[in-house]
Amino acid sequence: MKLDWRAWPRPIIALSPMADMTDSAFCRSVRTIDPIGPVGPIVFREMVSAEAVVRKNNKTLAMTDLHPDERPIVQQLFGSDPDTLSEAARILEAEHRPEGFDVNMGCPVYKIVHNFNGAALMREPALATKIIQKIKAATTVPLSIKIRAGWDDPRECFAFARVIEEAGADLITIHGRTKTQGYSGQSDWDLIGELKSTLSIPLLANGDVHTAPLAVQALRQTAADGVLIARGALGNPWIFSQIADALAGQTPAQVTLEERVRVIKQHLTFHLEQYGAQGVTTFRKHLSWYFRGVSGARPFKERLHMAGSAQAVHELLDEMLSDGLPHDGLCSRDAVHPAAAERVFMSK
Ligand SMILES: Cc1cc2nc3c(=O)[nH]c(=O)nc-3n(C[C@H](O)[C@H](O)[C@H](O)COP(=O)(O)O)c2cc1C
């Protein structure tokens, strides 16, 4: 499958990269349950260190494995050395043939920026240009760049986006907050709209698009080519089909308890395929997300967190189905701001 950002059907709806979250199992789950039109959302895999790829670090290489059902995927890289980044992209293209690459030039986390990666690159336009040119020369698939509004001035993105465009990138995604803001305040969709009007390459809007109605609003307000959704997809991989419904003028279908349980079991299966039996422990974060806002689920959540095997998780989910939950287990989460995920991320 070829990814051409200019020709891809509009609006482009995509899963934003999230460290420890948008792994192969989650992306596969999203792609399996949420066909939007003929192809489904495009998934951006979590960032991996270019340096670790080039050093052939086994753990990092395992993070780039992919299942055919995930396609089309975009693999995100972080780093700051143009040769290392381009070599990592070359290695991964030969190994996995992702449909696209993305370079993280927006991450505000200390561990990333203090090595001049992530958002620190917004202060180094010449280096960013070299990175883009070298990756483009080393690979055959589209290259996107993920940025923030700026380091501390939200208008920095205008000059930086021009640099990215002139260097030859194929798409920009922007989270409408500055690095200094972290996750405080709001993603500035008006600013994103203004940036969109200055660019000739496609732009995806990101930040605070947590529900289907918000996606429709963000698309309208920014006139962007699409939206990129991160926290809103945690525990709600149905958000992409809900957006498709909303865009078609329909009320997004509510997720029944049966459907929730079916998808959790499927996601758990994918997760264990990826991580082996010990994956039951790392799956707990997803279980928390899946039951966030589901009334009456709290006692089950506590027991699910103690479950030490896939069978124990399945039995508890089946018990939940047979006992039933208030309001048929429908989730009120559409109105809930999915806080907390960013707190873990920012404290890394
Ligand atoms: C847990 C977590 C991990 C993240 N990891 C990445 C990452 O690997 N690469 C990246 O570019 N952004 C990462 N982000 C940022 C998101 O992709 C997104 O830009 C940001 O959360 C705003 O979108 P949202 O409001 O839809 O969550 C992460 C965010 C969270 C909450």
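About the criteria used
Residues numbered from 1 in each chain as written. Predicted model: local features only at pLDDT ≥ 70, side-chain atom pairs only at ≥ 80, totals over all residues. Helix = DSSP H or I, 4+ residues; strand = E, 2+ residues; numbered from the N terminus. Contact = placed C-beta atoms within 7 Å. Axes fitted to C-alpha atoms, helices over the stretch in contact; angles between N-to-C directions. Parallel < 35°, antiparallel > 145°, perpendicular 65-115°, else oblique. Left-handed = near helix turned anticlockwise from the far one by under 90°. Nonpolar A, V, L, I, M, F, W, Y, C, P; charged D, E, K, R; others polar. Domains from an automatic or database assignment.

Caption draft 1: A look at the environment of H305. Tracing the sequence through the fold places H305 in helix α14 (residues 298–306). With 239 residues separating them along the chain, H305 and L66 place their C-alpha atoms 27 Å apart. Filtering out sequence-adjacent residues up to four positions away, H305 remains in contact with R284 and L287.

Caption draft 2: Highlighting the packing of helix α4 (residues 82–96) against helix α6 (residues 125–138). Two numbers describe how α4 lies on α6: the axes approach to 8 Å, and their chain directions differ by 30°. In terms of axis orientation, α4 runs roughly parallel to α6. Helix-helix and strand crossings are classified by hand; for α4 and α6 the assignment is right-handed. Across the interface between the two elements, P82, D83, L85, S86, A89 and R90 of α4 pack against K130, I131, K134, I135, A137 and A138 of α6. Here the residues of the contact of α4 with α6 are counted per class, giving seven nonpolar, one polar and four charged.

Caption draft 3: How the structure looks around unusual backbone geometry. R10 connects to P11 through a cis peptide bond whose omega is -10°. Cis geometry is found at the peptide bond from R71 to P72, where omega equals 5°. In this fold, P72 is placed in the loop between α3 (58–63) and β3 (73–78). Phi is positive for K56, which is not a glycine, with a value near 60°. With respect to the helices, strands and loops of the structure, K56 is situated in the loop between α2 (50–54) and α3. Even without being a glycine, D208 presents a positive backbone phi close to 70°. Relative to the helices and strands, D208 is located in the loop between β7 (203–206) and α9 (212–222).

Caption draft 4: Structural context of the domain arrangement of the protein. On domain assignment, one finds that the protein holds domain 1 (12–247) and domain 2 (257–330). Placing the centre of domain 1 and that of domain 2 at their C-alpha centroids yields a distance of 29 Å. Contacts between the two partners involve 11 residues from domain 1 and, on the opposite side, 10 residues from domain 2. Of the residues that constitute the side of domain 1 that touches domain 2, the class distribution is five nonpolar, four polar and two charged.

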